[in-house]
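Now for the letters of each chain:
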Amino acid sequence: MSEIDSQLRELLEQAVGEPPRHIAVPAVRRRVIRRRITDTAAAVIAVVAVAVGGTAVAARFTNASGAGAAPNAAQGSPRYYLQVTANAGTGDAGREVTAQVTARGTGGRPAVTMTLSDALLVRSSRTGAVTGRIGCPEGAGWWVDETGIAAVIDRTFVVACIEQPAALKPDADTTVERLFWVRLAASGRVAAMSPVPGGRIARTGGGLTSMAATPDGREVAFAYSPGNGRMDVEVLNTVTGQRALWRGPNLGDYWGLSLTSDGRELVFTGAPCLGVGRCSSPATIMAVSPASRGGSLASAQVIAGDENLQTFAAVSPDGSTVTVLTALPGGALTVQRIWARSGRVLQTLYSRPVTGTITVGFLSADPTGRYLIVNATVAGHNVNGWLRNGRLIPLQLGGSLYSEAW
Amino acid sequence: MGQDDVAPAPDTAFTQFVLGREQALQRTAWLLTGDWALAEDLVQTALARSWPRWERIRRDDPEFYVRRVLINTWLTWRRRRWRGELPFDPLPDSAAPGDLSAETSVRLAVRGALAGLTDRQRAVLVLRVFDDMTETAVAEALGCAVGTVKSTAAQALARLRKDPRLAGLMERETL
């Protein structure tokens, strides 16, 4: 080995350090078994596919325009996810800025405080690496809304940008938000960003509390406060630009919007208020249909709800079931699938006993409804990951996390 | 299984090999991937692929065989589409408070410099320099000629010499 080789080897040794974990033989054996099962299953599937190939192709073309189709169903878990974060203390502080913005309601009514951030990160679901960063196209005066993200198919998302100057006006009772399509390239970088037709929202007293989209992006639903303590939900048809208003009661809080794949049903979690500051319990999962009609949220059909539960829900693409993230203080953090009609539990996808405080963050389903991001704070620790076979696979965190979508 | 009276049973031999060599394999894998999670995944995959053939492998040179599987698995991963992700940020967001330590600086510099090499250059360099394999063994592992290994190693070294990230670290050694 030459001198240069020796020097380089020394440097490589210095750089590598010690592996953080040991590799256990049982883990390797499990992988071998999984590989054999996968190979066997693949062979069986191949035989079946050949046998029914003609029928399947015909059915595919027949149902090509079917609204109930799940376009990503065969593609595995999503490759990328979006993360809105304050990203504090990561060394990137120069680029990550958050601000507390207060927008007053008409006549000096109670202020609405919201946190804005320009840190909307694209991360690889597999490696956690940041592959892209999304900024609002208007420039420095615009911020990413902390909860204004929703996923549609083909690595495309809807992102809400909020205009900072209007929100900072002392007597402002309106702010302006704009919705954008963001499409990612296969590499995870942002390939294109364009305005959503009809996606200008100019009546928000604060930011959006939630946003949802159909897998094809035709319908986008968002919840916000008009600035007087009320909370409304609107459903935007991104093809025609038409919007349907679902007007909330005088006091209320609504979050966790989700739409069926045909956009017909809108499911959300709400807290009918018993008075000012008493809107957190009980939380109720509700649905309105058809979502594009508009009307009063008071007429929503109750699917499930329980006093003392913190809840976040996502409807399945076909509307038959609702996946619910619940937290019972001192009890358990659970993700369950319930029947949309009866509210009865169909399946427990995840359950973790908890001692101590627990706060539900959010539940975010991918456009197929199969893959779920779960976020909660358990005994002061942030739990963030996606569900696979009853286990929570951790997703990379970055600073203070506000919302995620994939 | 259990047919060889002298050597330990394949299962035992495999366990012994994993216990003894997994750390070294992970280090090699880290130099290839630049990420401990991926490195662990890569080593586990290589071991899982080697295990069914362990009866035959252990009679020859198991470490060479596993390293060959490891390097070829990594090259296959690199060719896959989803491995084409382009990290946007040089630093992971979960960086520990010791981010600015000399150790981390060296690690980031080396990782960045290695990332600037082609896959084959990096593979040759890691096997040849870090794992101290002969040029003949590297050629056999990668399925190429010895001359190709020599020229690739020379190109890799030339590129590292020009890398400004390593210049500060190696200036006294005049790399």
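Scoring rules and cut-offs
Every chain is numbered on its own, with residues counted from 1 as its sequence reads. Chain labels run from A onward and ligand labels from 1 onward, assigned in the order the entries are written. Totals for whole chains, interfaces and linings use all residues, but because this is a predicted model, local features are given only for residues with pLDDT of at least 70 and pairs of side-chain atoms are given and counted only at 80 or more. To obtain the side-chain values, all non-hydrogen atoms of the structure were included, while hydrogens and water were left out. Elements are defined by DSSP. Helices are runs of H or I of four residues or more, strands are runs of E of two residues or more, and each kind is numbered from the N terminus. Partly exposed residues are those whose accessible area sits between 20% and 50% of the maximum for their type, while under 20% is buried and over 50% is exposed, using a 1.4 Å probe and protein chains only. In this description, contact between two residues means that some pair of their heavy atoms is separated by no more than 4.5 Å. We define buried area as the total accessible area lost by two parts upon association, computed with a 1.4 Å probe and summed across both. Throughout this description, the term salt bridge denotes a Lys or Arg side-chain nitrogen within 4 Å of a carboxyl oxygen of Asp or Glu. Two N or O atoms form a polar contact when they lie within 3.5 Å of each other; inside protein one atom must be a possible hydrogen donor and the other a possible acceptor, and for residues adjacent in sequence the pair counts only when both atoms belong to side chains. Gly is placed with the polar residues, together with every amino acid not listed as nonpolar (Ala, Val, Leu, Ile, Met, Phe, Trp, Tyr, Cys and Pro) or charged (Asp, Glu, Lys and Arg). To estimate how far a helix should extend, the number of its residues minus one is multiplied by 1.5 Å. A pair of strands is labelled paired if DSSP reports no fewer than 2 bridges between them. Working convention: axes come from line fits to C-alpha atoms, limited for helices to the stretch in contact. Angles between N-to-C directions cover 0 to 180 degrees.

Asks: Sorry, what's going on with the overall build of chain B here?
Replies: Counting secondary structure elements, chain B contains nine helices and zero strands. Starting at the N terminus and ending at the C terminus, chain B contains elements arranged as α-α-α-α-α-α-α-α-α. Buried positions account for 50% of the 175 residues belonging to chain B. Taking the contacts inside chain B whose residues are at least 6 apart along the sequence as the reference set, 63% of them involve residues at least 24 apart.

Asks: For this particular structure, what's the right way to read the interface of chain B and chain A?
Replies: Reports of interface size often rely on the accessible area that becomes lost once the parts have come together. Taken residue by residue, the interface counts 49 residues in chain B and 49 residues in chain A. Here chain B packs against chain A, burying approximately 4800 Å² in sum over the two surfaces, 61% of which is carbon and sulfur. The closest approach of N and O atoms between B:Glu40 and A:Arg21, which form a salt bridge, is 2.6 Å. At the surface where chain B touches chain A, the tally comes to eleven residue pairs in polar contact (both at pLDDT 80 or more). Looking at the side of chain B that touches chain A, the elements that each hand over two or more residues are helix H1 (10-33), helix H2 (36-50), helix H5 (102-115), helix H6 (119-130), helix H8 (146-162) and helix H9 (164-170) of chain B. Partitioning the side of chain B that touches chain A into residue classes produces 27 nonpolar, seven polar and 15 charged.

Asks: I'm lost on H6(B) in this one. Help?
Replies: Each α-helix winds once per 3.6 residues, and so residues spaced three or four apart point in a common direction. All names here are of chain B. In this model H6 runs 16 Å from its N-terminal to its C-terminal C-alpha over twelve residues, within 8% of the 16 Å that 1.5 Å per residue would give. For H6, the buried fraction is high: ten of the twelve residues fall into the buried class. The complete set of buried residues in H6 reads Gln121, Arg122, Ala123, Val124, Leu125, Val126, Leu127, Arg128, Val129 and Phe130. Following H6 by one or two positions, Asp132 adopts a phi angle in the positive range, close to 55°.

Asks: Looking at this model, I keep getting lost on the pattern of salt bridges. Mind explaining?
Replies: Residue and element names in this part refer to chain B. Scanning the entire structure with this criterion turns up eleven salt bridges over all chains. Residue Glu135 pairs with Arg128 through a salt bridge whose shortest N-O separation is 3.8 Å. Taking relative accessible area as the criterion, Glu135 reaches 26% and is therefore assigned partly exposed. Through salt bridges that share partners, Arg21, Glu63, Arg67 and Asp131 make up one connected network.

Asks: I tried to follow the sheet that holds strand S1 (residues 80-85) of chain A on my own but got confused; where do I start?
Replies: By definition, the strands of a sheet pair up through backbone hydrogen bonds, in either a parallel or an antiparallel sense. Residue and element names in this part refer to chain A. In space, the four strands of this open sheet follow the order S5-S4-S1-S27, with antiparallel pairing throughout. Edge positions in the open sheet fall to strand S5 (130-134) and strand S27 (401-405), since each of these has one partner strand only. Neighbour-to-neighbour, the strand axes of the sheet open up by a mean angle of 25°, direction not taken into account. Bridge count between S1 and S27: four bridges; the pairing is antiparallel. Among the inter-strand pairings, Thr85 is bridged to a residue of S27, identified as Leu401.

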